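Each chain, written out:
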Amino acid sequence: KQEVTQIPAALSVPEGENLVLNCSFTDSAIYNLQWFRQDPGKGLTSLLLIQSSQREQTSGRLNASLDKSSGRSTLYIAASQPGDSATYLCAVRPQGGSEKLVFGKGTKLTVNP
Amino acid sequence: IAGITQAPTSQILAAGRRMTLRCTQDMRHNAMYWYRQDLGLGLRLIHYSNTAGTTGKGEVPDGYSVSRANTDDFPLTLASAVPSQTSVYFCASSFLPGTYEQYFGPGTRLTVT
């Protein structure tokens, strides 16, 4: 059974710092991995999608990497801002006919001004 | 504005009552999904539909039913609500099942008393 873990559960950093969020998964047989952002009381906003054949994706100050063989992904946020404060979720789409995304429980990020 | 709309935004429901959560997307996506999000458990798939006219069970389908009469709409029905169905419900869609990015709606917060 695929399991996704995100460590740490919470992270607090000063504004301007570069930071890395971690995601690990137990089964490397995946179609893709997706990073989301969730603001309190809101829905999920897709940040980056990495297909299983890709190593990384970039969007603005965000860079996500994927090492499928080791079951790891990182989300790098450059020059963090208070507006980056949110919960970040990673999710994998398992192969083998499963239709669901398997989510981690998220990392709650606070960027202090 | 293209995207997913959900209604209602929030609802308090007495146990035993019937309730339908509405979801509509205007992106002409083929696949649609219903998830529930619970503290400590993360997001879990309830039901999905790969294309209009077909549906499938996810991880936690008991007590819920869905229909997919057309491409745009994917309602979720609780036939007889129970307190354990208190949760935040998210509808999502993707162009096709499998390797495509999933987009999420804003959610419905449901409290069953």
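For the structure, see preceding data.
Residues numbered from 1 in each chain as written. Chains lettered and ligands numbered in written order. Predicted model: local features only at pLDDT ≥ 70, side-chain atom pairs only at ≥ 80, totals over all residues. Heavy atoms only, no water.

Asks: Where do I start with the sheet that holds strand β8 (residues 72–77) of chain A in this structure?
Replies: Adjacent strands of a sheet pair through backbone hydrogen bonds, lying either parallel or antiparallel. All names here are of chain A. Spatially, β1-β3-β8-β7-β6 is the arrangement adopted by the five strands of the open sheet, whose pairing is antiparallel. Each edge of the open sheet is held by one strand with a lone partner, namely β1 (4–7) and β6 (56–59). Here the average twist between neighbouring strands, direction ignored, is 15 degrees. Bridge count for β1 against strand β3 (residues 19–25) is four bridges, and the pairing is antiparallel. Opposite V4, over in β3, you have F25 as the bridge partner. (Pairing = 2+ DSSP bridges. Helix = DSSP H or I, 4+ residues; strand = E, 2+ residues; numbered from the N terminus. Axes fitted to C-alpha atoms, helices over the stretch in contact; angles between N-to-C directions.)

Asks: Explanation requested: the interface of chain B and chain A in the structure shown.
Replies: The figure often quoted for interface size is the accessible area lost as the parts come together. If you look at the interface, chain B gives 22 residues, while chain A gives 19 residues. Taken together, the two surfaces of chain B and chain A that pack against each other cover about 1,600 Å², and 53% of this comes from carbon and sulfur. At the boundary of chain B and chain A, one finds five residue pairs in polar contact (both at pLDDT 80 or more). Sorting the residues of the side of chain B that touches chain A by element identifies β4 (31–38), β5 (42–49) and β9 (87–94) of chain B as the ones contributing at least two each. The class makeup of the residues in the side of chain B that touches chain A is eleven nonpolar, eight polar and three charged. (Contact = heavy atoms within 4.5 Å. Buried area = accessible area lost by both parts, 1.4 Å probe. Polar contact = N/O pair within 3.5 Å; in protein donor to acceptor, adjacent residues only side chain to side chain. Nonpolar A, V, L, I, M, F, W, Y, C, P; charged D, E, K, R; others polar.)

Asks: I would appreciate a short explanation of the state of the cysteines in the present structure.
Replies: Simply put, disulfide is the name for a covalent bond between the sulfur atoms of two cysteines. Residues and elements named next belong to chain A. Under the defined criterion, the tally for this structure stands at two disulfides over all chains. Paired through a disulfide, C23 and C90 show a sulfur-sulfur distance of 1.9 Å. The S-S bond linking C23 to C90 shows a torsion near 70 degrees; that makes this disulfide right-handed. Here C90 lies in strand β9 (residues 86–94) and C23 lies in strand β3, a separation of 67 residues in the sequence. By relative accessible area, C90 is classed as buried at 0%. (Disulfide = S-S within 2.5 Å. Buried < 20%, exposed > 50% of the residue type's maximum accessible area, 1.4 Å probe, protein only.)

Asks: Any chance you could explain the packing of aromatic side chains here in plain terms?
Replies: Two measures describe an aromatic ring pair: the distance that separates the ring centres and the angle between the ring planes. Under the counting rule described, the total for this entry stands at eight aromatic pairs over all chains. Their ring planes at 80 degrees and their centres at 5.3 Å tell us that F36(A) and F104(B) sit as a pair that is edge-to-face. Of this pair, F36(A) sits in strand β4 (residues 30–38) while F104(B) sits in strand β10 (residues 103–104), each in a different chain. Accessibility assignment for this pair places F36(A) and F104(B) in one class, buried. Ring geometry for F95(B) against Y100(B): centres 5.4 Å apart, planes inclined by 65 degrees, an arrangement best described as edge-to-face. (Phe/Tyr/Trp six-rings, centres within 6.5 Å; stacked < 30°, edge-to-face > 60°.)

Asks: Quick question: what am I supposed to make of the pattern of salt bridges here?
Replies: Between side chains of opposite charge, pairing is possible as soon as their charged atoms come close. Across all of its chains, the model carries five salt bridges over all chains by this definition. The closest approach of N and O atoms between R37(A) and D39(A), which form a salt bridge, is 3.0 Å. The exposure class of R37(A) is buried, given its relative accessible area of 16%. Residue class for D39(A) comes out partly exposed when judged on its relative accessible area of 26%. Here R36(B) ties to D38(B) by a salt bridge, and the two come within 2.8 Å at their closest N and O atoms. Across this residue pair, the class does not change: R36(B) and D38(B) are buried. Through salt bridges with shared partners, a single ionic network connects R36(B), D38(B) and R44(B). (Salt bridge = Lys/Arg side-chain N within 4 Å of Asp/Glu carboxyl O.)

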